[in-house]
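The chain contents come next:
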Amino acid sequence: MLWLYNALIVLFTVVAMEIIAALAHKYIMHGWGWGWHLSHHEPHSSRFELNDLYAALFAVLAIVLIAFGSRGVWPLQWIGAGMTLYGLLYFMVHDGLVHQRWPFRYVPRRGYLKRLYMAHRLHHAVRGREGCVSFGFLYAPPVAKLQAVLRQRHGRPKRQGAARDRQDEATTTPSGKPRP
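Conventions and cut-offs
Residues numbered from 1 in each chain as written. Predicted model: local features only at pLDDT ≥ 70, side-chain atom pairs only at ≥ 80, totals over all residues. Heavy atoms only, no water. Helix = DSSP H or I, 4+ residues; strand = E, 2+ residues; numbered from the N terminus. Expected span 1.5 Å × (residues − 1). Contact = heavy atoms within 4.5 Å. Axes fitted to C-alpha atoms, helices over the stretch in contact; angles between N-to-C directions. Parallel < 35°, antiparallel > 145°, perpendicular 65-115°, else oblique. Left-handed = near helix turned anticlockwise from the far one by under 90°. Nonpolar A, V, L, I, M, F, W, Y, C, P; charged D, E, K, R; others polar. Core = buried A, V, L, I, M, F, W, Y, C linked by side-chain atoms within 4.5 Å. Buried < 20%, exposed > 50% of the residue type's maximum accessible area, 1.4 Å probe, protein only.

K.L.:
Looking at this structure, I do not really get helix H3 (residues 52-70). What am I missing?
P.N.:
In an α-helix, one turn spans 3.6 residues, which is why side chains three or four residues apart end up on the same side. Helix length check: H3 (19 residues) gives 27 Å between terminal C-alpha atoms against 27 Å at 1.5 Å per residue, within 8%. Elements that come into contact with the buried residues of H3 comprise helix H1 (2-32), helix H2 (34-41) and helix H4 (74-98). Looking at the residues trailing H3, positive phi occurs at Gly 72, about 125°.

K.L.:
Help me out: how do you make sense of the packing of H1 against H4 in this one?
P.N.:
To characterise two packed helices, one gives the angle between the axes of the helices and the distance between these axes. For the pair H1 and H4, interaxial distance at closest approach is 8 Å and the crossing angle is 50°. The angle between H1 and H4 falls in the class oblique. Of the two possible hands of crossing, H1 and H4 adopt the one that is right-handed. Along the contact surface, H1 presents Leu 2, Tyr 5, Asn 6, Ile 9, Val 10, Thr 13, Val 14, Met 17, Glu 18 and Ala 21, while H4 presents Trp 74, Pro 75, Trp 78, Ile 79, Ala 81, Gly 82, Met 83, Leu 85, Tyr 86 and Leu 89. Split into classes, the residues belonging to the contact of H1 with H4 amount to 16 nonpolar, three polar and one charged.

K.L.:
Could you clarify how one ought to interpret the nonpolar core in this entry?
P.N.:
Side chains of nonpolar character tend, in soluble globular proteins, to be buried together. Formed by Val 93, Leu 116, Ala 119, Leu 122, Val 126, Cys 132, Val 133, Phe 135, Ala 140, Val 143, Leu 146 and Leu 150, the largest nonpolar core amounts to twelve residues. Within the residue set of this core, elements represented by two or more residues are helix H5 (111-123) and helix H6 (143-153). Excluding residues within four positions of it along the chain, Phe 135 makes contact with Ala 22, His 25, Lys 26, His 30 and His 123. Counting residues in each nonpolar core, the second largest holds nine residues, with Ala 21, Tyr 86, Tyr 90 and Phe 137 among its members.

In C-alpha cells form, the structure reads like this:
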C-alpha cells in the first residue's frame, strides 16, 4: 500500500509544480527575477540561456529533497521524484516542443499539444515582461481566450473567430454557424 501513497505523492507534486511554476513564472521571472528570464525572451545564438539557471535551481532542490528523503524523511524523496518528473515534462514540452531546442523539429497540428504550443507562442508575442499571458508550462488556457486578453490589453479590436483553425473552418460557415 505504501507504493500507492508514494505514487500519489509524485502525481500530486507534478500538479503542484505546474501551479508553483506558473506563479514563479508570472511573479518572479516576470518580476524581480527578470534579469535571468530576459534571456529567454530575446533572440540568442547559444545553446544555453541565463534563464536555464531557474531549471538548475529547481533540479538542485529536487536532489536535496531526494537525498533527505532517502535518509529517512519518508515523503521528501517522493516529492523530489515528482519535481524531477515535472522537470522532465517541462524539458520535453517547453524546451523541446515549444522552443525547439532539440535537434529535430515538430510543430503539432491539432489537439492539446497544438493548444499548448500556441498558448506559449502567445506568451512570447509581447515584447518585454509586462502584459504577457499564459504563464503555465503544461496547462494552456484556450487560445481564443488568450488572444482576446492580448487584444484587450494592447488596445486592438476584437475579431470574430480569430482563433479558429482550418479544421473548424471546414465545419462552419463564414458567419460561424455549423455547416449542414
